[in-house]
Amino acid sequence: MKGEHTEYRVGVGASSILMILVALALTALSLLALGSARNTAALTARNVEMTEAYYQAAAELQQRLAAIDQAVLRYRQQSDAAFDETWFSACGVEAIWTENDGGLDFLLEIPAGERRVLRATGAAYPRGDERCVLKTHELLPGEENEQDQAGLNLMGIE
Amino acid sequence: MRNSRGNMLLIELMIVLLFFSLAQVTVVQVFAAAHQQAMSSRATHTALTIAQDMAERMHGANDPAQVLMDNGFVLADDTYVLEKDRGFVLQVKLSQLSQPAGVLRTAVFTAVNGEKTLFTFPGVSYEGASVP
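Residues numbered from 1 in each chain as written. Chains lettered and ligands numbered in written order. Predicted model: local features only at pLDDT ≥ 70, side-chain atom pairs only at ≥ 80, totals over all residues. Heavy atoms only, no water.

Thoughts on the layout of surface pockets
And step 1. The space that makes up the largest pocket amounts to roughly 300 Å³.
And step 2. Taken together, 15 residues make up the lining of the largest pocket; nearest its centre are Asp69, Glu130, Arg131 and Cys132 of chain A together with Gly128 of chain B.
And step 3. At the level of elements, helix H1 (14–78) and strand E4 (132–140) of chain A together with strand E5 (116–128) of chain B are the ones that each hand at least two residues to the lining of the largest pocket.
And step 4. A per-class count over the lining of the largest pocket returns seven nonpolar, three polar and five charged. (1 Å grid on protein atoms, 1.4 Å probe; cavity = no way out; pocket = protein on both sides within 12 Å on 5 of 7 lines; lining within 4 Å. Points joined across faces, edges and corners; volume = space filled by probe spheres on them. Helix = DSSP H or I, 4+ residues; strand = E, 2+ residues; numbered from the N terminus. Nonpolar A, V, L, I, M, F, W, Y, C, P; charged D, E, K, R; others polar.)

Side note on the interface of chain A and chain B
And step 1. Chain A puts 40 residues into the contact, and the matching count from chain B is 42 residues.
And step 2. Taking both sides of the interface into account, the surface hidden between chain A and chain B amounts to around 3300 Å²; carbon and sulfur atoms contribute 66%.
And step 3. Summed over the shared surface of chain A and chain B, the number is zero salt bridges.
And step 4. The interface formed by chain A and chain B holds ten residue pairs in polar contact (both at pLDDT 80 or more) in total.
And step 5. Among the residues forming the side of chain A that touches chain B, the class breakdown is 19 nonpolar, 15 polar and six charged. (Contact = heavy atoms within 4.5 Å. Buried area = accessible area lost by both parts, 1.4 Å probe. Salt bridge = Lys/Arg side-chain N within 4 Å of Asp/Glu carboxyl O. Polar contact = N/O pair within 3.5 Å; in protein donor to acceptor, adjacent residues only side chain to side chain.)

Here's the deal with the sheet that holds strand E1 (residues 96–100) of chain A
Each strand in a sheet pairs with its neighbour through backbone hydrogen bonds, running either in the same direction (parallel) or in the opposite one (antiparallel).
Residues and elements named next belong to chain A.
And step 1. If you trace the four strands from one edge of the open sheet to the other, you get E1-E2-E3-E4, paired in antiparallel fashion. If you trace the sheet from one side to the other, it starts and ends with E1 and E4, each paired once. On average, each strand axis in the sheet is tilted by 20° relative to the strand beside it, whichever way the strands run.
And step 2. By the bridge criterion, five bridges tie E1 to strand E2 (residues 103–111) in an arrangement that is antiparallel. Within the sheet, the bridge partner assigned to tryptophan 97 lies in E2 and is phenylalanine 106.
And step 3. Relative to E2, H1 is tilted by about 155°, and along the sheet it contacts E1, E2, strand E3 (117–124) and E4. (Pairing = 2+ DSSP bridges. Axes fitted to C-alpha atoms, helices over the stretch in contact; angles between N-to-C directions.)

A short note on the confidence of the model for chain B
And step 1. With 98% of its residues at a pLDDT of 70 or more, chain B shows a mean pLDDT of 91.
And step 2. In the predicted complex, the global pTM is 0.82; the interface-specific ipTM is 0.86. (pLDDT = per-residue confidence, 0-100.)

As for the sheet that holds strand E2 (residues 79–84) of chain B
And step 1. Judged by pairing direction, the sheet is antiparallel, and its five strands sit side by side in the order E1-E2-E3-E4-E5 (chain B) without closing on themselves. The open sheet is flanked by strand E1 (74–76) and E5 of chain B, the only strands paired with a single partner. Here the average twist between neighbouring strands, direction ignored, is 25°.
And step 2. Taken together, the five bridges between E2 of chain B and strand E3 (residues 88–99) of chain B define a ladder with antiparallel strand orientation. What sits directly across from lysine 84 of chain B, in E3 of chain B, is phenylalanine 88 of chain B.
And step 3. Across the sheet, H1 of chain A lies against E3, strand E4 (102–113) and E5 of chain B, angled at about 25° from E5 of chain B, the strand it touches most.

A few points about the environment of alanine 101 of chain B
And step 1. The residue alanine 101 of chain B is located in the loop between E3 and E4 in this model.
And step 2. If we ignore the near neighbours within four places in the chain, the residues touching alanine 101 of chain B are Asp69, Gln70, Leu73 and Arg131 of chain A together with Tyr126, Gly128 and Ala129 of chain B.

Rendered as structure tokens:
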């Protein structure tokens, strides 16, 4: 046994197998990186889309509030007509009106993209210190979204 | 025999290196595309965050222009511009509509990356005036 030694040699084909493995690993990593980047881009695009839709809706809401305020001021300054829905319709203001004590409550609902709705409620007064008061301003998911969320209740908790 | 085997190994190594190099050219291109897309998404997201932040700050401010100036925007040709080394330019154009009942202020936010428009949205706030 003395004088024997084991000789390790790299056989023909070993480097090819190693190259194939390394190339496959790097290809897989690059494809994963590309997939991740594409997903991030898609998520960012959706975020941009939803943000733009929200701010468009918020802008329209502010414009309608301005129109309501302007209509109330015009009523106070000029009109002897009844302070009701027809007055605001005549002024070109679109809203849902209900009577309250000494004034009118209004409800504005504006689509904010992705089935969401921007809802605002407030009150307009024909006299007094305040003309137009905004009471609530909320972004609500649409009805179908609520159903989707109900479907995600995996634990069945009410 | 040993010499022939050594030559075969050398030839194989050369072929392996050639194919490996060719494969890596493709892989590096894929990595570069992924990096480019990730940077673009990051720039858009950063621009969107800054724009939303500015829109909300300006909504409650008496002087929207001052809010922009305080946050690094520079006035150029009626447009407030934020240009930093982030891969985008954020532009804000202010306007206002005065009516007897109050003032409707509008700020249009636009983010651009070179020739490409990343997004644009309006930030509108209404301030009623006290009229006797």
